[in-house]
Amino acid sequence: LASGGRDKLVRIFDLRTNEELDSLSGHRDAITSLAFRHGTSTLFSGSSDRCLKSWSIDDMSYVDTLYGHQSAITSLDLH
């Protein structure tokens, strides 16, 4: 499970143990949307900082940032 919010962190939880596994930092404003790429461990996060970031949950690491949005990213849809 992944969650994000005003603390600018993506938090990863293990639902079997209800424990937080890790937190991922990098956004400069509130995280407003999260989506996993189907069939992978790649997570995307959108933020009020107008950036879209990708993360590897296998490695609990940052992968890339996509810039260019003119306003906050409020939703994600992956295919």
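Right, let's walk through the structure included here. (Residues numbered from 1 in each chain as written. Predicted model: local features only at pLDDT ≥ 70, side-chain atom pairs only at ≥ 80, totals over all residues. Heavy atoms only, no water.)

Moving on: the nonpolar core. By size, the foremost hydrophobic cluster in this structure holds eight residues: A2, V10, I12, L24, I31, L43, W55 and I57. Discounting residues that sit within four places of it in the chain, L43 has contacts with A2, V10, I12, L34, A35, F36, K53, S54, W55 and I57. (Core = buried A, V, L, I, M, F, W, Y, C linked by side-chain atoms within 4.5 Å. Buried < 20%, exposed > 50% of the residue type's maximum accessible area, 1.4 Å probe, protein only. Contact = heavy atoms within 4.5 Å.)

By the bridge criterion, five bridges tie strand β4 (residues 31-36) to strand β5 (residues 42-47) in an arrangement that is antiparallel. Of the residues in β5, the one forming a bridge with S33 is G46. In this structure, the hairpin formed by β4 and β5 is closed by a connection of five residues, where G39 is found at a positive phi of approximately 75°. (Pairing = 2+ DSSP bridges. Helix = DSSP H or I, 4+ residues; strand = E, 2+ residues; numbered from the N terminus.)

The next thing to look at is the environment of S54. In this fold, S54 is placed in strand β6 (residues 52-56). The exposure class of S54 is buried, given its relative accessible area of 8%. Taking C-alpha positions, S54 is 25 Å from T17, a pair spaced 37 residues apart along the chain. In contact with S54, other than residues within four places in its own chain, are T42, L43, F44, Y62, V63 and D64.

Time to look at the environment of N18. Here N18 shows up in the loop between β2 (9-14) and β3 (19-25). Expressed as a C-alpha distance, the spacing of N18 and H38, which sit 20 residues apart in the sequence, is 23 Å.

Spatially, β1-β2-β3 is the arrangement adopted by the three strands of the open sheet, whose pairing is antiparallel. At either margin of the open sheet sits one strand with a lone partner, and together these are β1 (2-4) and β3. With direction set aside, neighbouring strand axes in the sheet form an average angle of 25°. In this structure, β1 lies alongside β2, joined through three bridges in antiparallel fashion. (Axes fitted to C-alpha atoms, helices over the stretch in contact; angles between N-to-C directions.)

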